[in-house]
Amino acid sequence: MFQDKVAIITGAARGIGRATAELVIQGGGKVVVSDIDPDAAEQAARELGANAAAHAGDIAKDGAPEALVATTIDAFGQLDIVVNNAGYTVDSPIHKLSDGDFQAMLDVHTVAPFRILRAAAPYLRDPAKQEREEGREVFRKVVNVASLAAYGNAGQANYSSAKAGVIGLTKTLAKEWGPFKVNVNAVAFGLIDTRLTQAKTGDTTVKVGERTVAVGIPEKARTMMGAMIPLGRGGTAEEAAGAIAFLCSPWSDYVTGQVLNVSGGLALGMTA
Ligand SMILES: NC(=O)c1ccc[n+]([C@@H]2O[C@H](COP(=O)([O-])OP(=O)(O)OC[C@H]3O[C@@H](n4cnc5c(N)ncnc54)[C@H](O)[C@@H]3O)[C@@H](O)[C@H]2O)c1
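Residues numbered from 1 in each chain as written. Predicted model: local features only at pLDDT ≥ 70, side-chain atom pairs only at ≥ 80, totals over all residues. Heavy atoms only, no water.

**Points about the sheet that holds strand 2 (residues 30-35)**
Whether parallel or antiparallel, the strands of a sheet pair through hydrogen bonds between backbone atoms.
Part 1 of the reasoning: Taken in spatial order, the seven strands line up as 3-2-1-4-5-6-9 in an open sheet, and their pairing is parallel. Looking at the sheet topology across the chains shown, the edges are occupied by strand 3 (52-56) and strand 9 (259-262). Ignoring which end each strand starts from, the neighbouring axes of this sheet average 15° apart.
Part 2 of the reasoning: Pairing geometry for strand 2 and strand 3, over five bridges, is parallel. Note on strand 3: the bridge partner recorded for S34 is H55.
Part 3 of the reasoning: Here helix 4 (residues 99-124) sits on the sheet and contacts strand 1 (6-10), strand 4 (81-84), strand 5 (140-147) and strand 6 (182-189); the angle it forms with strand 4, its principal contact strand, is near 180°.
Part 4 of the reasoning: Its contacts with the sheet put helix 6 (residues 157-177) on strand 5, strand 6 and strand 9, and the angle it makes with strand 5 is roughly 160°. (Pairing = 2+ DSSP bridges. Helix = DSSP H or I, 4+ residues; strand = E, 2+ residues; numbered from the N terminus. Axes fitted to C-alpha atoms, helices over the stretch in contact; angles between N-to-C directions. Contact = heavy atoms within 4.5 Å.)

**Observations concerning the layout of surface pockets**
Part 1 of the reasoning: A volume near 980 Å³ is recorded for the largest pocket.
Part 2 of the reasoning: Along the walls of the largest pocket sit 48 residues, with Y88, T89, Y159, L196 and T197 positioned nearest its centre.
Part 3 of the reasoning: For the lining of the largest pocket, the per-class residue count stands at 25 nonpolar, 17 polar and six charged.
Part 4 of the reasoning: Space inside the second largest pocket adds up to approximately 160 Å³.
Part 5 of the reasoning: Looking at the second largest pocket, the residues that line it are L191, I192, I229, L231, R233, G234, G235, E239, A240, V262, S263 and G264.
Part 6 of the reasoning: Here the lining of the second largest pocket is composed, by residue class, of six nonpolar, four polar and two charged. (1 Å grid on protein atoms, 1.4 Å probe; cavity = no way out; pocket = protein on both sides within 12 Å on 5 of 7 lines; lining within 4 Å. Points joined across faces, edges and corners; volume = space filled by probe spheres on them. Nonpolar A, V, L, I, M, F, W, Y, C, P; charged D, E, K, R; others polar.)

**Notes on the site of the ligand**
Part 1 of the reasoning: Around the ligand, 28 residues are found, and the nearest of them are D35, N85, Y159, T194 and R195.
Part 2 of the reasoning: In this structure, a nitrogen atom belonging to the ligand sits 3.1 Å away from a main-chain N or O atom of I59.
Part 3 of the reasoning: R195 is positioned such that a nitrogen or oxygen atom in its side chain is 2.7 Å from an oxygen atom of the ligand.
Part 4 of the reasoning: Here the ligand has 830 Å² of accessible area as a free molecule, and 98% of this is covered by the chains.
Part 5 of the reasoning: Structurally, the ligand is housed in the largest pocket.
Part 6 of the reasoning: Of all elements in the fold, only helix 1 (15-26), helix 4, strand 5 and helix 6 reach the threshold of two or more residues within the shell around the ligand.
Part 7 of the reasoning: Per-element accounting of the shell around the ligand gives the leading share, three residues, to strand 5.
Part 8 of the reasoning: Across the shell around the ligand, the residue classes tally to 13 nonpolar, ten polar and five charged. (Near = heavy atom within 4 Å. Polar contact = N/O pair within 3.5 Å; in protein donor to acceptor, adjacent residues only side chain to side chain. Areas by Shrake-Rupley, 256 points an atom, 1.4 Å probe, with all protein chains shown as cover. Sits in = over half its atoms within 2 Å of the grid points.)

**Describing the packing of aromatic side chains**
The description of an aromatic ring pair uses the distance of the two centres, along with the angle that the planes make with each other.
Part 1 of the reasoning: For the coordinates displayed, the defined rule picks out zero aromatic pairs.
Part 2 of the reasoning: Directly above the aromatic system of F180 lies the positively charged group of R125, at a separation of 4.1 Å from the ring centroid. (Phe/Tyr/Trp six-rings, centres within 6.5 Å; stacked < 30°, edge-to-face > 60°. Lys NZ or Arg CZ within 6 Å of the ring centre and 35° of its normal.)

**Quick word on the pattern of salt bridges**
Part 1 of the reasoning: For the coordinates displayed, the defined rule picks out 14 salt bridges.
Part 2 of the reasoning: Put simply, E22 and R18 hold a salt bridge, and the shortest N to O gap is 2.8 Å. Remark: R18 and E22 occur in helix 1; sequence separation between them is four residues, near one turn of the helix.
Part 3 of the reasoning: Through salt bridges with shared partners, one network takes in R18, E22 and E47. (Salt bridge = Lys/Arg side-chain N within 4 Å of Asp/Glu carboxyl O.)

**Quick notes on the packing of helix 1 against helix 8 (residues 237-248)**
Part 1 of the reasoning: In contact at an axis separation of 8 Å, helix 1 and helix 8 are set at 60° when each is read in the N-to-C sense. Taken together, the axes of helix 1 and helix 8 are oblique relative to one another. Considering how the two elements wind past one another, helix 1 and helix 8 form a crossing that is right-handed. Across the interface between the two elements, G15, I16, A19, T20 and L23 of helix 1 pack against A237, E238, A240, A241, G242, I244 and A245 of helix 8.
Part 2 of the reasoning: Here the contact of helix 1 with helix 8 is built from residues that sort into eight nonpolar, three polar and one charged. (Parallel < 35°, antiparallel > 145°, perpendicular 65-115°, else oblique. Left-handed = near helix turned anticlockwise from the far one by under 90°.)

Any functional reading would require information beyond the geometric quantities listed.
And the structure:
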């Protein structure tokens, strides 16, 4: 499925990103594991084997997206797939939400994907010119990880805005890069069982620069969400990765500009 394809997967040290990396490698592809957590990124790349390389760093930092693309080209000489998956949450009702926490969510979930894709343009978009002259179609893939929260979720004004932003980026790029045979889609997850959605104890943290952010959601919210899922449970990281892998694979060559909700049927947010 991914023979001779090279993928960047951000946030691939654990969770959904890691499970996606495993599927791409199993399908014959090569993966650059990008993560803010250097030890976890190195370990994941080691465990994934010779077809994986690690790139450690905060993708929201200036220069990091360009460095990530450069590492990929150095390691594997080409780039065919980008999965913008890295992220975390900092929840707060809007009247208590700081400028910094609003901006941090935009930076990691919207601005970083934009910068990575801009840096990737020479590898994802430009080869199509030559391929067109040769009468060949070669599909390249972008998958941006959004969330049902993009449709509105109390306590997540920052995260919701950022995930809605990446949906706008997805749909715009699908139009810009369609003529270059780049499929650009998003997945919107509901409740996937990873450390981001475990009951919040304060023990599980993401270190972002000097800051340590506790992740997880209140037990009550978990139980309430669980009860609203038609399929009766949260999804596994592997189930989430399956949807991303579909959108990275030749099975999705005629799918672009879409948001695939992967939520066991859960619907969140406001409807029209
Ligand atoms: N788990 C869910 O229910 C759920 C629901 C909707 C959307 N999502 C989205 O799915 C994506 C993956 O989340 P997950 O549940 O697998 O969480 P996770 O915490 O298991 O994995 C996320 C990875 O991203 C890395 N990361 C975080 N900030 C980063 C940064 N600035 N630069 C580089 N790496 C960074 C983390 O170190 C971690 O390894 C996120 O974008 C998240 O918002 C998850």
